[in-house]
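# Remarks on the overall topology
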Amino acid sequence: MINDALPGNIGRNARAMTNMRRQKWSRNSVHSVAAILAVSMAWTATVEAADCPRKETLGTSRILSVDAATTPRVGLKSFSATLPLEDHEVVLTFDDGPWPPTTPRVLAALAHECVRATFFLIGRNASEHPELVRKIASEGHTIGHHTWAHRSLMRIPPKATTAEIDRGISADETALHGIATTIPSTPFFRFPGFEMTPATLDLLQSRGIVVFGTDFWASDWNPMTPQQELKLIINRLGNARRGIILFHDTKAQTAAMLPAFLRFLRDNQYRVVHVVPASPGAEDLP
Ligand SMILES: [Zn+2]
């Protein structure tokens, strides 16, 4: 039996936050509906198909640009809003890397099927393995941020919270571009363990950074075989039919399972959507 809950206190805190947010969302429900409707979307042709050397791959079906001004928070596990995905559309996300034993295997599986994903990096890992950060970026994936050291942002003082967020962004940007800036070139962020507070949510929104929750997950923080993980995620996808999926590229079972999961997506007419920031990155601004 696979445990669907987040580990330990993380799950409890996530549920507590959900209740807190319900109260807040009910007050702001008009805004949240407006946010869903106002999501910025960009449809493009399947440019990746032309770039892909192998025929009959899964491929990336379209690019969806996400604007923090209209879509500050997405993911049904934490929020009432999510990305405007069609039936059978999925967004693949990978947390906690870069991690040399497993991230390259995840990248190879994605490249084999010509699909693009989003990686939420831990800054400390990025600073230790900058070449792997640049490899992720050079293969066309989106790079989001996941703090410096994956501490719980609900259990440390507000000043330390900001430092954790900023140090992580700066480490990722240094690995990517050699510039230690706290203005992210891709303003996407995911909280470790989804442990957020109204104050940290407000902070990120004020800085124009989209907070990514997720719609469902593979529970790959639990020990299981690749076959068990594949069965579990296929079942959850069958129920959800669409959505943002959370994996961890630090997990060997996920790296081992991914080729079969991507084949399942291809064989069952699922389509992969690649999320990118709506506005130009900081590096492109004058
Ligand atoms: Zn994480």
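Below is a short write-up of the structure.

Definitions and limits used
Residues numbered from 1 in each chain as written. Predicted model: local features only at pLDDT ≥ 70, side-chain atom pairs only at ≥ 80, totals over all residues. Heavy atoms only, no water. Buried < 20%, exposed > 50% of the residue type's maximum accessible area, 1.4 Å probe, protein only. Helix = DSSP H or I, 4+ residues; strand = E, 2+ residues; numbered from the N terminus. Pairing = 2+ DSSP bridges. Phe/Tyr/Trp six-rings, centres within 6.5 Å; stacked < 30°, edge-to-face > 60°. Lys NZ or Arg CZ within 6 Å of the ring centre and 35° of its normal.

This part takes up the pairing of strand S3 (residues 89–95). The buried count for S3 comes to seven of seven residues, which makes it a mostly enclosed element. Side chains of S3 alternate between two faces, with Glu 89, Val 91, Thr 93 and Asp 95 and Val 90, Leu 92 and Phe 94 buried alike. With two bridges connecting them, S3 and strand S10 (residues 271–277) associate as parallel partners. Across the sheet, residue Val 90 finds its bridge partner in S10, namely Val 272. Across six bridges, the pairing between S3 and strand S9 (residues 243–248) is parallel. Within S9, the position partnered with Leu 92 by the bridge is Ile 245. Strand direction decides the pairing type here: S3 and strand S4 (residues 118–121), joined by three bridges, are parallel.

One pass over the full model with this rule turns up nine aromatic pairs. Measuring from ring centre to ring centre gives 5.0 Å for Phe 189 and Phe 191, while their planes differ by 90 degrees; the resulting arrangement is edge-to-face. Phe 191 carries the same exposure label as Phe 189, and that label is buried. The interplanar angle of 75 degrees and the centroid separation of 5.3 Å between the aromatic rings of Trp 217 and Trp 221 together place this pair among those described as edge-to-face. Looking at Trp 217, the relative accessible area reads 6%, which means it is buried. Judged by relative accessible area, Trp 221 falls into the buried class, the value being 18%. Grouping aromatic residues by their ring pairs yields a cluster made of Phe 94, Phe 119, Phe 247 and Phe 261. The ring centre of Trp 217 lies 4.3 Å from the NZ or CZ of Lys 77, which sits over that ring.

Let us now look at the pairing of strand S5 (residues 142–145). Across the two faces of S5 the burial is the same, with Thr 142 and Gly 144 and Ile 143 and His 145 all buried. Here four bridges tie S4 to S5, and the two strands are oriented parallel to one another. Note on S5: the bridge partner recorded for Phe 119 is Ile 143.

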